[in-house]
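Structural overview
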Amino acid sequence: MNKNAIVVNNLSKQFGQFKAVDDISFEVAKGEIFGFLGANGAGKTTAMKMLCGLSMPTSGQASVAGFDVYKENESIKKNIGYMSQKFSLYEDLTVRENIKFYAGIYGIAPQKIKEKTNQLLQQLVLEKEADMLVSQLPLGWKQKLAFSVAIFHEPQIVFLDEPTGGVDPITRREFWNLIYDAAANGITIFVTTHYMDEAEYCNRVSIMVDGKIEALDSPGNLKKTFNAKSMDEVFLHLARKAKRIE
Amino acid sequence: MAKLNSSDIAIKVTAVNKSYIVGKKKTPALENINLTIQAGTLFGLIGPDGSGKTSLFRILTSLLLPDSGEIWVDGLNVITEYKNLRKRIGYMPGKFSLYTDLTIKENLDFFASLFGTTFEENYDLIKDLYVQIEPFKDRRAGQLSGGMKQKLALCCALIHRPTILFLDEPTTGVDAVSRKEFWEILQSLKKEGITILVSTPYMDEATLCDQVALIQEGKILDVDTPAQMVNKFTNPIYAVKGANMLLLLRELEKDPSVERIYPFGEHHHLVMKEKDVLPVLPLGVTINKIKPNIEDLFIHLMQHHE
């Protein structure tokens, strides 16, 4: 098996004359926490959609979890997890129902769902809330549950799109604890965030500007390269160059 | 327009409570809120999602009735004088609420006409903002990018030259560059004499405000200037860094002399129980005394309230 979870070569996506993603290339190693940063409108969402098998590239190659984004996008969907701030769980289902629903979609056997659900509820200390509607949970708990549900089927890679937006500072850190645990268990993490302190928690970070990847390295090396004190400075330095008016 | 006297009180909130019925249970959204906001200040309401920021904004803008308490905004009673109040304030909700099938210019003309004014009359106030979206003035609002929608929404909230501007999470989900630009715009509006109440979940934005209130689970944890606020954090705090950050975190969590340790960017912030006592550190770990920031204080206050 390949040591890389994601391999991208010269990937582009064009809408009419507009190059949303413009010839990007990078690799993400298995078990790596990879931060995918960029200003609004830089092309992050378009790139992520292609990697999740939801959007066909215009040109270039990419494989995710060993599957080709053109020909094997259905296999990609089965082997990845996805969670975002905007869409994560069904508010009008209970905690238990959400777990059952997502696990069912991924084709996990009912007996296994049952066992793992109890284990998960215990882990998240949500046993008492198991039969409560998700809408009644505090946001932080929802986000932690959403993440656990996204990796319930033990995907090779999980895509997290601004998973901690609006979450309080303590829960935000608890959330990152879950990310570290998942990465330690071999799950590759592909994460976007607007919190620059969170960029520091990634093994490597890429920064997209106007559809291109302008920088890719460990946070430490990026700061050295751009002679910056923080990732915030690195980001501002690069993203200010953007010419694109969203 | 004459600038407001800085000693005037723009907003006074006394003992406000609000709860919602969720399922069959009464859930408090705001508990005993007291706030005084001086005219002409840039005031930040800082707290995570679900802490009560939007409920408070809706009460202050007369869109929601409190269960109890008294609220004065710009010298008017929010409950009995709401009709006059609504002419004087500008409100930009967290959710995009303009007409998506009207163009940029049509939206501006529409909101100006609602307040009995015109786009031209108050153009000077929104000029700096408007020129950035002007190239797209004939585009429908629904077709705009997030950044442009936000600028248009702010223009619409300003078009009648309000005395107080309420901005509910204008920078949520916005990238670091656009956030910085947005705060620069707020600084220039402040110079026009407009009182600005802005809410945000980003703790680092606190330092850009004259005064901030920290809010969590419907309660105000503290109100002060950002500089004064961090002085209330009295435990010694250090930034530590080592080769294996996760291991360092787990090790120091076990140390009885440690009050708290948590990741903070490239460092961990280490809060000690007592002065001049340091934990045993593994070889190669660097440690520096630091000044606490608002996020450190927020974490501290959150744990003390629990």
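Definitions and limits used
Residues numbered from 1 in each chain as written. Chains lettered and ligands numbered in written order. Predicted model: local features only at pLDDT ≥ 70, side-chain atom pairs only at ≥ 80, totals over all residues. Helix = DSSP H or I, 4+ residues; strand = E, 2+ residues; numbered from the N terminus. Buried ≥ 20, exposed ≤ 12 C-beta atoms within 10 Å, placed from the backbone. Rg over C-alpha atoms; globule rule 2.2 N^0.38 Å. Contact = placed C-beta atoms within 7 Å. Axes fitted to C-alpha atoms, helices over the stretch in contact; angles between N-to-C directions. Parallel < 35°, antiparallel > 145°, perpendicular 65-115°, else oblique. Nonpolar A, V, L, I, M, F, W, Y, C, P; charged D, E, K, R; others polar. Pairing = 2+ DSSP bridges. Left-handed = near helix turned anticlockwise from the far one by under 90°. pLDDT = per-residue confidence, 0-100.

**A closer look at the overall build of chain B**
Tallying secondary structure elements over chain B gives 9 helices and 14 strands in all. Principal-axis analysis of the C-alpha atoms gives chain B an extent of 70 × 45 × 45 Å. Among the 306 residues that make up chain B, the fraction classed as buried is 42%.

**Description of the overall build of chain A**
Helix and strand counts for chain A come out as 9 helices and 10 strands. Since a compact globule built from 246 residues should have a radius of gyration of about 18 Å, the 18 Å found for chain A is in line with a globular shape. Once the C-alpha set of chain A is aligned to its principal axes, its extents read approximately 50 × 40 × 35 Å. Counting all 246 residues of chain A, 46% fall into the buried class. Taking as baseline every contact in chain A between residues at least 6 positions apart, the subset at least 24 positions apart corresponds to 68%.

**What about the packing of helix α9 (residues 231–239) of chain A against helix α6 (residues 176–191) of chain B?**
Working note: a packed helix pair is described by the angle between its axes plus the distance between those axes. Relative to each other, α9 of chain A and α6 of chain B sit at 85 degrees, their axes nearing to 9 Å. In terms of orientation, α9 of chain A and α6 of chain B fall into the roughly perpendicular class. Of α6 of chain B, the residues touching α9 of chain A (which contributes D232, F235, L236 and A239 of chain A) are A176, V177 and K180 of chain B. Taken together, the residues of the contact of α9 of chain A with α6 of chain B sort by class into 5 nonpolar, no polar and 2 charged.

**Some words on the environment of L246 of chain B**
Tracing the sequence through the fold places L246 of chain B in helix α8 (residues 245–253). Taking the C-alpha atoms as reference points, L246 of chain B and F115 of chain B, separated by 131 residues in sequence, lie 57 Å from one another.

**Concerning the sheet that holds strand β10 (residues 212–217) of chain A**
Residue and element names in this part refer to chain A. Taken in spatial order, the 6 strands make up an open sheet running β6-β7-β8-β3-β9-β10, and their pairing is mixed. On the outer flanks of this sheet lie β6 (80–84) and β10, each paired with one strand and no other. The average angle at which neighbouring strand axes cross in this sheet is 15 degrees, direction not considered. Summarising the sheet, strand β7 (residues 157–161) and strand β8 (residues 188–192) pair through 5 bridges and their orientation is parallel. Residue pairing for β8: V158 is matched across the bridge by I189. Helix α6 (residues 169–184) contacts β3 (33–38), β7 and β8 of the sheet and is inclined by roughly 145 degrees relative to β8.

**Some remarks on the pairing of β10 of chain A**
Summarising the sheet, strand β9 (residues 204–209) of chain A and β10 of chain A pair through 5 bridges and their orientation is antiparallel. Its bridge partner lying in β10 of chain A, V205 of chain A is registered against D217 of chain A.

**Here we look at the interface of chain A and chain B**
Taken together, the contact between chain A and chain B spans 29 residues of the former and 30 residues of the latter. Secondary structure elements with two or more residues in the side of chain A that touches chain B: α6, α7 (196–199) and α9 of chain A. Partitioned by chemical class, the residues of the side of chain A that touches chain B number 14 nonpolar, 7 polar and 8 charged.

**Considering unusual backbone geometry**
Of note, N227 of chain A is a non-glycine position whose phi angle comes to about 50 degrees, a positive value. Looking at the secondary structure, you find N227 of chain A in the loop between α8 (219–225) and α9. Classification of N227 of chain A by C-beta neighbours within 10 Å gives exposed; the count is 9. Located in the positive-phi region is R161 of chain B, a residue other than glycine, with phi close to 50 degrees. Residue placement: R161 of chain B occurs in the loop between α5 (146–158) and β7 (164–168). Its 17 C-beta neighbours within 10 Å are what place R161 of chain B among the partly exposed residues.

**Observations regarding the sheet that holds strand β9 (residues 211–216) of chain B**
Adjacent strands of a sheet form backbone hydrogen bonds with each other and so pair up, either parallel or antiparallel. All names here are of chain B. If you trace the 6 strands from one edge of the open sheet to the other, you get β6-β7-β8-β3-β9-β10, paired in mixed fashion. Lying at the two open borders of the sheet, with one neighbouring strand each, are β6 (89–92) and β10 (219–224). Each neighbouring strand pair of the sheet contributes to a mean axis angle of 15 degrees, computed without reference to strand direction. Judged from the 5 bridges that link them, strand β3 (residues 42–46) and strand β8 (residues 195–200) form a sheet pairing that is parallel. Bridging from a neighbouring strand, L45 pairs with S199 of β8. Contacts between helix α1 (residues 53–60) and the sheet are confined to β3, β7, β8 and β9, with β7 contributing the most and set at about 150 degrees to the helix.

**Examining the packing of helix α3 (residues 95–105) of chain A against helix α4 (residues 110–123) of chain A**
Residues and elements named next belong to chain A. α4 packs onto α3 with a crossing angle of 135 degrees between their chain directions and a minimal axis gap of 11 Å. The orientation of α3 relative to α4 falls into the category oblique. By crossing handedness, the relation of α3 to α4 is classed as right-handed. Facing α3, whose interface residues are R96, I99, K100 and A103, α4 presents I113, T117 and L120. Its residues assigned to classes, the contact of α3 with α4 shows 4 nonpolar, 1 polar and 2 charged.

**Thoughts on the confidence of the model for chain B**
Residues and elements named next belong to chain B. Residues with a pLDDT of 70 or more make up 97% of chain B, whose mean pLDDT is 92. Note that residues 1–6 has pLDDT below 50 and, in this model, 10 contacts with residues that lie over four places away or in other chains. Here the complex is predicted with pTM 0.88, and the ipTM for its interfaces comes to 0.85.

**Observations regarding the environment of L144 of chain B**
Residues and elements named next belong to chain B. Note on placement: L144 falls in the loop between α4 (123–133) and α5. Accessibility expressed as a C-beta count within 10 Å gives 22 for L144, which makes it buried. Each C-alpha atom of the pair L144 and T100 lies 9.0 Å from the other, and the pair is 44 residues apart in sequence. Dropping the residues within four chain positions of it, L144 is found in contact with F136, R139, K149 and L152.

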